[in-house]
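One-letter residues, chain by chain:
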Amino acid sequence: AWLALGAPFAKAGAYPAALVHFRRAVECDPSFAEAWCSLGRCYAALDAWSDARACYEVAVGRDPSHLPTLHALGLVLVGAGRPAEAIRVFEDILDRAGPSGPLLARLGRLALEAGDYRRAVVFLKDAMKLSGLPDLKQDMAEIYDAMGQAEIAEFYRQEYEKEYV
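The sections below set out a description of the structure shown in this document. (Residues numbered from 1 in each chain as written. Predicted model: local features only at pLDDT ≥ 70, side-chain atom pairs only at ≥ 80, totals over all residues. Heavy atoms only, no water.)

## Focus: the state of the cysteines
- The full count for this structure, using the stated rule, is 0 disulfides.
- Cys28 takes part in no disulfide bond, and the closest cysteine sulfur, belonging to Cys55, lies 15 Å away.
- In this structure Cys42 is a free cysteine whose sulfur lies 9.2 Å from that of Cys55, the closest cysteine sulfur available. (Disulfide = S-S within 2.5 Å.)

Now the structure itself:
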């Protein structure tokens, strides 16, 4: 009931009011993973990354197979500026759900942000194979520029321009 009472507040962006109801929901049933997720979403919307992370970690502990909760935890880690930890979470999703273009693209971009160019190249090449998203070629150009390989970077820029310009 508390979860249902808080939902309209969260939907309207009245997160402090929603938090009151969602906190009551987890107090009444601490094993209810969806209540922890709702609480985490509110904290994330308020940029309270530490609180959001704690809620999602509890939710994952209650229901470790719920991939949307793992995904939300990964996004919170990205928002909190923790790319290495986010990579571990998204790799866990990759292991459980199998490869997808958007997930591999996210991993590639996070690896780039973390300065792990080798892994970024691997993830993004796999993402391009699965999704064919042309904007990934811009990411590849950025990686090769960062590695000092201007010719390869230029190749990817030209490939991108063929499709978008």
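So that's the structure; there's more coming.
## Examining the nonpolar core
- In terms of nonpolar packing, the biggest core is built from 51 residues, with Phe22, Leu39, Phe90, Leu107, Met140 and Ile143 touching the most fellow members.
- If one sorts the elements of this core by residue count, helix α3 (residues 33-45) sits on top with 8 residues.
- When neighbours within four sequence positions are excluded, Met140 is seen to be in contact with Val121, Leu124, Lys125, Met128 and Tyr156. (Core = buried A, V, L, I, M, F, W, Y, C linked by side-chain atoms within 4.5 Å. Buried < 20%, exposed > 50% of the residue type's maximum accessible area, 1.4 Å probe, protein only. Helix = DSSP H or I, 4+ residues; strand = E, 2+ residues; numbered from the N terminus. Contact = heavy atoms within 4.5 Å.)

## Details of helix α1 (residues 2-11)
- Along α1, the positions that sit buried rather than exposed are Leu3, Gly6 and Ala10. The arc that holds every buried residue of α1, seen down its axis, measures 70°, which confines them to one face. Of the exposed residues in α1, those oriented more than 90 degrees away from the buried face are Ala4 and Lys11.
- Here the buried face of α1 lies against α2 (15-28) and α3. (Arc of directions from axis to C-beta.)

## Details of the side chain of His21
- Mapped onto the fold, His21 is located in helix α2.
- Leaving out residues up to four positions away in the same chain, His21 has contacts with Trp2, Leu5, Gly6 and Phe9.

## Side note on unusual backbone geometry
- Look at Asp47: it is not a glycine, yet its phi comes out positive at around 60°.
- Assignment of secondary structure puts Asp47 in the loop between α3 and α4 (49-62).

## Observations regarding α3
- Between its first and last C-alpha atoms α3 spans 18 Å; for 13 residues at 1.5 Å apiece the expected length is 18 Å, and the two agree.
- Across the 13 residues of α3, 10 count as buried, placing the element largely inside the fold.
- Looking at α3, one finds that the buried residues are Ala33, Ala35, Trp36, Cys37, Ser38, Leu39, Gly40, Cys42, Tyr43 and Ala44.
- Elements that come into contact with the buried residues of α3 comprise α1, α2, α4 and α5 (67-79). (Expected span 1.5 Å × (residues − 1).)

## Here we look at the pattern of salt bridges
- As enumerated under the stated definition, the model contains 15 salt bridges in all.
- Here Arg96 makes a salt bridge to Asp92, at a shortest N to O gap of 3.0 Å. Here Arg96 pairs with Asp92, and both are found in helix α6 (residues 83-97), just 4 residues apart, close to one helical turn.
- Note on Arg96: relative accessible area 41%, which makes it partly exposed.
- When the shortest N-O distance is used, the salt bridge between Lys129 and Asp126 registers 3.9 Å. On the criterion of helical spacing, the pair formed by Lys129 and Asp126 is a turn pair, its members being 3 residues apart in helix α8 (residues 117-131).
- Three or more residues are tied together by salt bridges with common partners; here these are Arg53, Glu57, Arg82 and Glu85. (Salt bridge = Lys/Arg side-chain N within 4 Å of Asp/Glu carboxyl O.)

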